[in-house]
Amino acid sequence: MKTLDWNTLFGERARRIQASTIRELLKLTQRPGVLSFAGGLPAPELFPKEEAAAKAAEILREKGEVALQYGPTEGYFPLRAWVAGWLGVSPEEVLITTGSQQALDLLGKVFLDEASPVLLEAPSYMGAIQAFRAYGPRFLTVPAGEEGPDLKALEEALDQERPRFLYLIPSFQNPSGGLMPLEARRRLLEMAMERGLVVVEDDAYRELYFGESRLPSLFELAREAGYPGVIYLSSFSKVLAPGLRVAFVVARPEVILKLTQAKQGVDLHTPVLNQILVHELVKEGFPERLERIRTTYKAKAQAMLEALDREMPKEVAYTRPKGGMFVWMTLPEGLSAEALFRQALEENVAFVPGGPFFANGGGENTLRLSYATMDPERIQEGIRRLGKAVKGLLATA
Ligand SMILES: Cc1ncc(COP(=O)(O)O)c(CN[C@@H](CCCC(=O)O)C(=O)O)c1O
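Residues numbered from 1 in each chain as written. Predicted model: local features only at pLDDT ≥ 70, side-chain atom pairs only at ≥ 80, totals over all residues. Heavy atoms only, no water.

With an unreviewed UniProt entry as reference, the protein is termed Aminotransferase class I/II-fold pyridoxal phosphate-dependent enzyme, source organism Thermus antranikianii. For the protein, the Cofactor (unreviewed entry) comment in UniProt is given as "pyridoxal 5'-phosphate". (UniProt positions renumbered as here; feature names shortened; annotations may be inferred.)

Caption draft 1: Local environment of the pairing of strand E8 (residues 230-235). With 6 of its 6 residues buried, E8 lies for the most part within the structure. Of the two faces of E8, both are covered, the one formed by Val230, Tyr232 and Ser234 as well as the one formed by Ile231, Leu233 and Ser235. Here strand E7 (residues 199-202) runs beside E8; their pairing, made up of 4 bridges, is parallel. In the strand pairing of E8, aspartate 202 is matched with leucine 233. Crossover handedness for the path E7 to helix H10 (residues 218-224) to E8: right-handed. Across 4 bridges, the pairing between E8 and strand E9 (residues 247-250) is antiparallel. Counted as the bridge partner of leucine 233 is valine 249 from E9. (Buried < 20%, exposed > 50% of the residue type's maximum accessible area, 1.4 Å probe, protein only. Helix = DSSP H or I, 4+ residues; strand = E, 2+ residues; numbered from the N terminus. Pairing = 2+ DSSP bridges. Right-handed = clockwise from strand over helix to strand, strands pointing away.)

Caption draft 2: Representation of the pattern of salt bridges. Evaluated as defined, the whole model comprises 27 salt bridges. Residue arginine 195 is joined to glutamate 194 by a salt bridge in which the shortest nitrogen-to-oxygen separation is 3.5 Å. When the shortest N-O distance is used, the salt bridge between glutamate 291 and arginine 294 registers 3.0 Å. Placement of the pair is glutamate 291 and arginine 294 together in helix H13 (residues 286-311), with a separation of 3 residues, close to one helical turn. By relative accessible area, which is 43% here, glutamate 291 ends up partly exposed. When salt bridges with common partners are traced through the structure, they connect Arg206, Glu207, Glu291 and Arg294 into a single cluster. (Salt bridge = Lys/Arg side-chain N within 4 Å of Asp/Glu carboxyl O.)

Caption draft 3: Highlighting the sheet that holds strand E10 (residues 317-318). Taken in spatial order, the 4 strands line up as E10-E11-E14-E13 in an open sheet, and their pairing is antiparallel. Unpaired on one side and paired on the other, E10 and strand E13 (352-353) mark the two borders of the sheet. Pairing analysis gives 5 bridges linking strand E11 (residues 326-330) to strand E14 (residues 366-370), with the strands arranged antiparallel. Looking at the pairing, tryptophan 328 lines up with arginine 368 of E14.

Now the structure itself:
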C-alpha cells in the first residue's frame, strides 16, 4: 500500500498557512505554576457567568426552536439591530461574524488575490497577518508607535503603491498599545479619501479606554465626511466573553453583501444561541458593565507599570498604555526576545515574543505583555520573575 505524504497532498495555499504563535504559546503556558502574560485573554472574573447561565436556560426554553435551528448568515436580526443602534447605522450595514478573527479571514478572501499589496503597521496584530497570509498577498508595512502609524512613511508608501486596503488598529493597538491622536486620524483619512482607498479599522479595544472618553473612530470620521471606504470591525470578546465568538463588521451594504456571500461558504452563520445570548446580555446595563471593565483594566495596567518601574533595569523600554490590554517592551538592540522567552519559562513566567507581529520580519528584541488576565498580585509576581530573567539575559549579553 502506498504511504501518503500529506505535505505533497496539501494545496499550494496550505503551504502559506502557519501556526499562530499566541495559540501555540498558550499551550505552553498551561503548565501549572506558569504566570502568563501571553494571550490577550479577557479577565475571567468579568465574565457574566450567573447571568449567562440563567439567560441561556431561558432562551432554550422559550426560543429553543430558533436558537437550535440554522439561522440567517447576516446574523440574528435583533442583535444586528442592536449593533446598528449602538453605532448609528442601519442593520443592512451590519454583519455578525464568528469573532473578528473570521471577519479578518473574510476580508482577505474578498479583497486579496495572489501578490495583492495590503498595507499594515509594523508591528500589527499577528492574527490579521495570519488570516491575510493564507491569500498570498504582498505585505507593505509602515512603522507604528505609541501614536499610531508613521504618517510620513505611510504617505511615501501610498505614493509608491495602491494597497487593496489598509489594516489599522487606531485605538490601543495590538501589540504596541498605540492610540492615534484625533489630528492623525483626520490626516490619515484625507490620504485615504484623496486616493479612494479602503481602510479596515479593527476597533477590538474601543471601550477599553482609561481616560474620560474614547476618540471618534475612523469610521465615524469618515461617515461625517461622507466617505464610504472605511470597513469597521469590533467584537464582544473584550467586553463580554471571547468564548462566545460573536463580533461584527459594519460597512456599506455592497461590502456586507459580498462578505455575507463569502461567510455562507465558511460557516453558514454564527452560532444562533450565542448571538441571542449576547443580545440578551447587552440590551440592559451594558454602559454600567463597560464602566466596570474599564476600572478593572486600568487597575491591572497600573499594577503592571508599578511592577515594571520597580523590577526592570533601565536598559529596557516599555509603553505606558492609555487603554487596551497590552504593554509593549523593547530590549536593547541585539538582544533576543526568543532567548528571553526560554529564560523566562525557567522562572515560570511567559509572554509573546514580538517577532510574529512584524509581517515582513524584524522586532526580534520586542515582546508583548498582556495585563488582562491575572489579578494585580499575580501581575506583580510575574513581573518580578520577568525582571529576574531580563537581568539574567543582560548579564550574559
Ligand atoms: C486587534 C484584534 N483583532 C481581532 C482579535 C480577535 O477577536 P475575536 O475574539 O475573534 O473577536 C483580537 C484578539 N487578540 C487576542 C486574542 C488572541 C487570543 C488567542 O489566540 O487565543 C490577542 O492578541 O491575544 C485582536 O487583538
